[in-house]
Amino acid sequence: MSEIMLQISNVDKFYGPIDTGVHAVKDVSIDVERGDIIALLGSSGCGKTSTLRMIAGFEEVSRGTISIAGREVHMLPPVKRNVAMAFEGYSLYPTVTVRDNIAFALKSSGKPASEVAAKVDEIAEMLEITGILDKYPSSISGGQQQRASLARALIRDADLYLLDEPMGQLEPQLRTLLRGRIKYYIKERGLTAILVTHDQTEANALADKIAVMEDGEMQQFASPEEIKEAPANLFTGTFVGEPPMNIFDAKAASSDDTFAFSLQDGSELSFPRSAFASALQDRVMAMDRVALGVRPYAVQRSETGAAARVLANQWLGDQSHIAAEFAGGTLVLVEHDRADLSEGDEITVHLDASDLHIFEPDTGAAISHGAKLVG
Amino acid sequence: MQSVSTLERILRGTAISLVIFFFMFPIFWIFLMSFQTNETILRVPPSMVFEPTLTNYRSLISGTLEGSTATLEIRFMSNLYNSLFLSVTSVTVGLLLGVPAAYAFAKLKFRGSEDIAFTLLSFRFAPPLLVLLPLTIYFQKIGLADTYLGLIWVYQLIVLPLILWIVRGYFEDIPSDIEYAHRIAGHGFWSTFTKIALPLAGPGIAAAGLLAFIFAWNNFIFALVLASADKQPVTVGALAFITASGINYGQIAAGIMLSIAPTFALALYAQRYLVEGLSLGAVKG
């Protein structure tokens, strides 16, 4: 059995008095295994950075416990937690060079100078900052500062590496390159890292598991694949995935051999009964309304099917995003080739039962993915 | 475009010259006075042409004032020493107390911190005499009247709020994450304060110290009430030039030149820090 490196148990964070202050993190629990990279993914103000800062020890834990390597740390000062952190605002020491910034922690831990120098060179090469090592932080660009800050964290020997938006300032090409190198560096050494990001591509590329957060609550903690295929609720379903999942209000209706969803504008999507498990059919029939989700990649244009009218057609260079008016809402579909469509064109689309996600419309909880009942 | 900028240059030059003349002329005139005798100073109309003499400076340094009727002992040099001693120690004490306090007010938000900081600032609102009268009675009771210790203590009323509020602004400007980065790299609170916060706030601390020094040096009322002759700074000591036999303008002018020399030199040397320190630190809301 693998070892739990970080255990966050029922942690709450209030800014201001407990229970009456701003409730920034709500009853979050995460177990992180040694050697895993975890991404905390969410929009601004969702509590992901608060969570990270509680792990680091810059914010007090209002309720709950945090353990690192089996040791309860939430009452300890940051210096005693043995974690390394790359800050979103870089936070380099302005009075020393980039080289000294990176070497700072190693030097003060008493490592021999030659070993420190070798490590600095190695990590600078990995992050493409060899040329600026002898410059001062104020004379280098934001992207360079960010990499210096990342190097300063990754060079240390720590139980846990906390990376707060570590690549937000980098150019796209460099970002892709460094993502690969950083992941290799972390994995090769068996390090455990927590990454905070609002960029789902970064989370998908780097993380073994993603914790999706919104409004202080953890919505789902699962592998990137699972989050894509089986989002736990409407929020995760629409937040993760680009372009976002299409959602329609629907009501189920069944006849002898078809199982259909009637949509807001009166149109109907009908499927053979055999496409859905009977338990799912019973469950959905018992509900007044459902939220029906389908990923843009799963929508296909076809000869027959439901009618839609094109609103916009955008060629992005490698794929087309087509927005169409459908069932009183907007349906977005993605095609890999340039589509010869313009505004006002009538198209017919086909949705496969195995691509449907059904959610409870009020709570947002997932009921089924791909015609299979959740749970 | 070119013509506008020429006009602008001329106007700006004129304006600056006027301001410099306005502020520097009194000092220049006092400088001239300090090399004249009372007779040449008081002649009508005044003139810039005279035979310079060093008697004013000589009598200040030797400590004897040659009046028209009698010779008077003055303690100008010991007053100067008192000024120096009182200002330097007050500012040192003020920095030792004020800088850590400013750090606490800037970085550790605790209950009532704003109120305490404001109370400290409010010491500067009250007219000094209001504070001084009761203080004189207390000081006489507890034996602090007419002691250097007592004076330095009272000088904190001037020095401490100034240092506290300027340096606080500087500490607030340091992103907390820089300190966090140092602390998470295995350093304690004290080490972060001395190795990160203090160096980064250095210019602000220097500016605050300088300004506090100037304020302490120029203080008159506290020493007038609380100190006797042997503890008096130059500001109070200069009163001795107003004698029964007349006012010795020449000596006063020489005394002024000697007493503004240290602050003048300091300000000239450190004007860069002063401007930086005040514009970066204290203005921030």
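Analysis parameters
Residues numbered from 1 in each chain as written. Chains lettered and ligands numbered in written order. Predicted model: local features only at pLDDT ≥ 70, side-chain atom pairs only at ≥ 80, totals over all residues. Heavy atoms only, no water. Helix = DSSP H or I, 4+ residues; strand = E, 2+ residues; numbered from the N terminus. Buried < 20%, exposed > 50% of the residue type's maximum accessible area, 1.4 Å probe, protein only. Contact = heavy atoms within 4.5 Å. Areas by Shrake-Rupley, 256 points an atom, 1.4 Å probe, with all protein chains shown as cover. Lys, Arg positive; Asp, Glu negative; His and termini not counted. Charge placed at Lys NZ, Arg CZ, Asp CG, Glu CD. Salt bridge = Lys/Arg side-chain N within 4 Å of Asp/Glu carboxyl O. pLDDT = per-residue confidence, 0-100. Axes fitted to C-alpha atoms, helices over the stretch in contact; angles between N-to-C directions. Left-handed = near helix turned anticlockwise from the far one by under 90°. Nonpolar A, V, L, I, M, F, W, Y, C, P; charged D, E, K, R; others polar. Buried area = accessible area lost by both parts, 1.4 Å probe. Polar contact = N/O pair within 3.5 Å; in protein donor to acceptor, adjacent residues only side chain to side chain.

Time to look at the overall build of chain B. In terms of helices and strands, chain B carries 13 helices and four strands. The buried share of chain B, taken over its 285 residues, is 40%. Put simply, of all contacts in chain B between residues at least 6 apart along the chain, 74% involve residues at least 24 apart. Carbon and sulfur atoms provide 72% of the accessible area of chain B, an area that totals close to 15600 Å². Placing the 16 positive and 14 negative side-chain charges of chain B at their respective mean positions leaves the two points 6 Å apart.

Looking only at helices and strands, one finds nine helices and 21 strands in chain A. For chain A, the spread of C-alpha atoms along the three principal axes comes to 80 × 50 × 40 Å. Burial status across chain A gives 50% buried among its 375 residues. Partitioning the contacts of chain A with sequence separation of at least 6, the portion at a separation of at least 24 is 63%. Of the roughly 16600 Å² of accessible surface on chain A, a fraction of 48% belongs to carbon and sulfur atoms. Across chain A, the centroid of the 34 positively charged side chains sits 8 Å from that of the 54 negatively charged ones.

This part is about the pattern of salt bridges. Residue and element names in this part refer to chain A. Inspection of the entire model under this criterion finds 25 salt bridges over all chains. Notably, a salt bridge pairs Arg99 with Asp121, separated by 3.7 Å at the nearest N-O pair. With a gap of 22 residues between them, Arg99 in helix 2 (residues 98-108) and Asp121 in helix 3 (residues 113-126) connect regions that are remote in the sequence. The exposure class assigned to Arg99 is partly exposed, which follows from its relative accessible area of 28%.

So, on to the confidence of the model for chain A. Summary statistics for chain A give a mean pLDDT of 92 and a share of 100% for residues scoring 70 or more. When pLDDT is averaged over each helix and strand of chain A, the minimum, 84, is found for strand 21 (residues 372-373) of chain A and the maximum, 96, for strand 3 (residues 37-41) of chain A.

Residue and element names in this part refer to chain B. Running from N to C, helix 8 (residues 176-184) and helix 9 (residues 189-200) point in directions that differ by 145°, and their axes come no closer than 10 Å. Between helix 8 and helix 9 lies a crossing of right-handed hand. On the side of helix 8, the interface is formed by Ile178, Glu179, His182 and Arg183, while helix 9 contributes Phe189, Ser191, Thr192, Lys195, Ile196, Ala197 and Leu200. Across the contact of helix 8 with helix 9, the residue classes break down as five nonpolar, three polar and three charged.

To continue, consider the environment of Leu164 of chain B. Residues and elements named next belong to chain B. Here Leu164 is to be found in helix 7 (residues 148-173). We classify Leu164 as buried; its relative accessible area is 2%. Between the C-alpha atom of Leu164 and that of Ile16, which follows or precedes it by 148 residues, the distance is 33 Å.

On the chain A side, the residues contacting the 13 residues of chain B number 18 residues. Interface area for chain B against chain A, summed over the two sides, is near 1400 Å², with a carbon-plus-sulfur share of 70%. Among the residues of chain B in contact with chain A, Asp177, Tyr180 and Ile184 of chain B are the three that bury the most area, contributing 41% of the side total. Linking chain B with chain A are one salt bridge, by the criterion used here. Among the ionic pairs, Arg53 of chain A bridges to Asp177 of chain B, the shortest N-O distance being 2.7 Å. Joining chain B to chain A, the criterion identifies five residue pairs in polar contact (both at pLDDT 80 or more). Every element with two or more residues in the side of chain B that touches chain A is listed here: helix 8 and helix 9 of chain B. Broken down by element, the side of chain B that touches chain A gets its largest block of residues, seven residues, from helix 8 of chain B. In the side of chain B that touches chain A, the residues fall into seven nonpolar, four polar and two charged.

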